[in-house]
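Understanding the architecture of this molecule
Residue strings, one per chain:
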Amino acid sequence: MTAVVCRGVGASRGGVEVLHDVDLEIRAGTWVSLVGPNGSGKTTLLHALAGLVPATGRIDVAGVDPGRARRREIARAVALMPQRPVVPEGTTVRELVALGRTPHLSRFGPSTRADREVVDEVIAQLDLHDFAGRYASALSGGELQRVVLARALAQQPRVLLLDEPTSALDLGHQQQVLDLVDSMRRANELTVIAAMHDLTSAAQYGQRLVLLDRGRIVADGPPAEVLTAERLRDVYAANVEVLERRDGPAVLPVRGDGPVAAVRSSRPARR
Ligand SMILES: Nc1ncnc2c1ncn2[C@@H]1O[C@H](COP(=O)(O)OP(=O)(O)OP(=O)(O)O)[C@@H](O)[C@H]1O
């Protein structure tokens with residue numbers, strides 16, 4: 001089953017078109033890692049999928065057109081874990097996570113026991129017990145990132161959009177969070193689209209990598225095909241070595257004498 005379709009999608013920010021002619025078709029239950037340099041349009045694409053920025057072309061996310069559907073309908077299909085979460089002052093961690101249930105509540109109705117169980121479960125899964133009663137605004141960046149992921153998971157979406165989900169996390173929490181999302185993907189046929197800067201993690205968790213450059217998709221396929229040293233030099237202006245490993249390619253930055261010097265690869269570069 002197809003979970004996400006984009007046909008000729010474009011989007012503008014501040015009056016400038018920053019996303020051009022994006023075509024994507026994603027099967028339900030797939031993890032797609034969205035990669036690309038700063039400003040290449042990853043956040044804009046995620047926001048277009050979540051109906052937060054207007055887009056041209058056609059978008060279908062779990063049967064919903066995010067440009068036309070009501071917020072509540074969109075929020076039942078898609079959850080976004082934003083790069084820069086906004087936390088209402090005076091909200092506890094538990095209250096913030098419980099906000100994820102809002103699209104499922106009957107209008108003005110109270111939460112049900114099932115809603116509270118979902119909240120309890122994600123709090124346990126993300127090890128947030130000790131924080132549950134604290135104000136979210138008083139958490140560290142990494143703690144807040146886990147809380148915001150918990151809110152997105154409590155939403156029980158069919159498509160989960162993650163915008164740099166581990167940027168503030170230590171190594172252990174990075175693995176914990178990515179493994180948890182992956183286990184939910186497998187268990188519930190959840191579709192995951194994650195903008196990630198760490199290309200090795202992006203390749204480890206994504207069955208498919210979509211590489212954006214200046215608002216266009218320039219490569220789309222299995223990680224080992226997308227991540228070549230030559231392509232990364234072209235797109236990122238970076239010196240890297242791409243190592244072939246059992247669980248996917250690993251991208252190792254190589255110190256050069258200047259920008260894009262001496263690019264080497266452990267296998268022939270492809271484009
Ligand atoms: N609110 C805005 N107003 C004007 N321009 C914007 C706005 N938001 C983003 N842009 C511009 O749109 C382009 C795409 O930005 P976007 O945030 O989608 O990139 P990104 O790939 O997510 O970048 P990063 O990796 O740095 O998070 C950039 O040139 C950015 O400066």
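Residues numbered from 1 in each chain as written. Predicted model: local features only at pLDDT ≥ 70, side-chain atom pairs only at ≥ 80, totals over all residues. Heavy atoms only, no water.

Taking an unreviewed UniProt entry as the reference, the protein is identified by name as ABC transporter ATP-binding protein belonging to Gordonia paraffinivorans NBRC 108238.

Overview of the site of the ligand
Put simply, the test is: A cutoff of 4 Å decides nearness: a residue is near a molecule or strand if any of its heavy atoms lies inside that distance of it. Residues adjacent in sequence count toward polar contacts only when both atoms are side-chain atoms; beyond that, a polar contact is any pair of N or O atoms within 3.5 Å, and within protein one must be able to donate a hydrogen and the other to accept it. Here the accessible surface of atoms and residues is derived via Shrake-Rupley with a 1.4 Å probe, and residues count as covered only by protein chains that are part of the display.
Of all residues adjacent to the ligand, which total 14 residues, the nearest are Gly 39, Lys 42, Thr 43, Thr 44 and His 197. In this structure, an oxygen atom belonging to the ligand sits 2.5 Å away from a side-chain N or O atom of Thr 44. Within the side chain of Gln 83, a nitrogen or oxygen atom sits 3.2 Å from an oxygen atom of the ligand. Contact with the protein chains hides 62% of the accessible area of the ligand, taken as 640 Å² for the molecule alone.

Quick look at the sheet that holds strand E5 (residues 78-81)
The condition that has to hold: Here, a strand pair is defined by DSSP locating no fewer than two bridges between the strands. What counts as a helix is a DSSP run of H or I of at least four residues, what counts as a strand is a run of E of at least two, and both are numbered from the N terminus. Between the N-to-C directions of two axes lies an angle of 0 to 180 degrees, each axis being a line fitted to C-alpha atoms and, for a helix, fitted only over the stretch in contact. In this description, contact between two residues means that some pair of their heavy atoms is separated by no more than 4.5 Å.
Within the open sheet, the six strands sit side by side as E5-E6-E7-E3-E8-E9. Their pairing is mixed. This sheet does not close on itself; its edge strands, each paired only once, are E5 and strand E9 (216-221). Between one strand axis and the next, the sheet turns by 15° as a mean value, whatever way the strands run. In the sheet, strand E3 (residues 31-35) pairs with strand E8 (residues 208-213) via four bridges, with the strands oriented parallel. In the strand pairing of E8, Val 35 is matched with Leu 211. Set on the sheet, helix H1 (residues 42-49) makes contact with E3, E5, strand E6 (159-163), strand E7 (191-195) and E8; between it and E6 the angle comes to about 150°. Together, E3, E6 and E7 form the strand contacts of helix H6 (residues 171-188), whose direction differs from that of E3 by roughly 135°.

Digging into the packing of aromatic side chains
The criterion, for reference: In this scheme Phe, Tyr and Trp rings, the latter by its six-membered ring, pair at centre separations within 6.5 Å, and the angle between planes marks the pair as stacked below 30 degrees, edge-to-face above 60, and tilted otherwise. Burial classes: relative accessible area under 20% of the type maximum marks a residue as buried, over 50% as exposed, and values in between as partly exposed (1.4 Å probe, protein chains only).
The full count for this structure, using the stated rule, is one aromatic pair. Consider the rings of Trp 31 and Tyr 205, whose centres lie 5.5 Å apart with planes at 35°: the pair is tilted. With Trp 31 in strand E3 and Tyr 205 in helix H7 (residues 199-205), this residue pair connects regions lying 174 residues apart in the sequence. Residue classification places Trp 31 among the buried residues on the basis of a relative accessible area of 0%. The class of Tyr 205 is buried, set by a relative accessible area of 11%.

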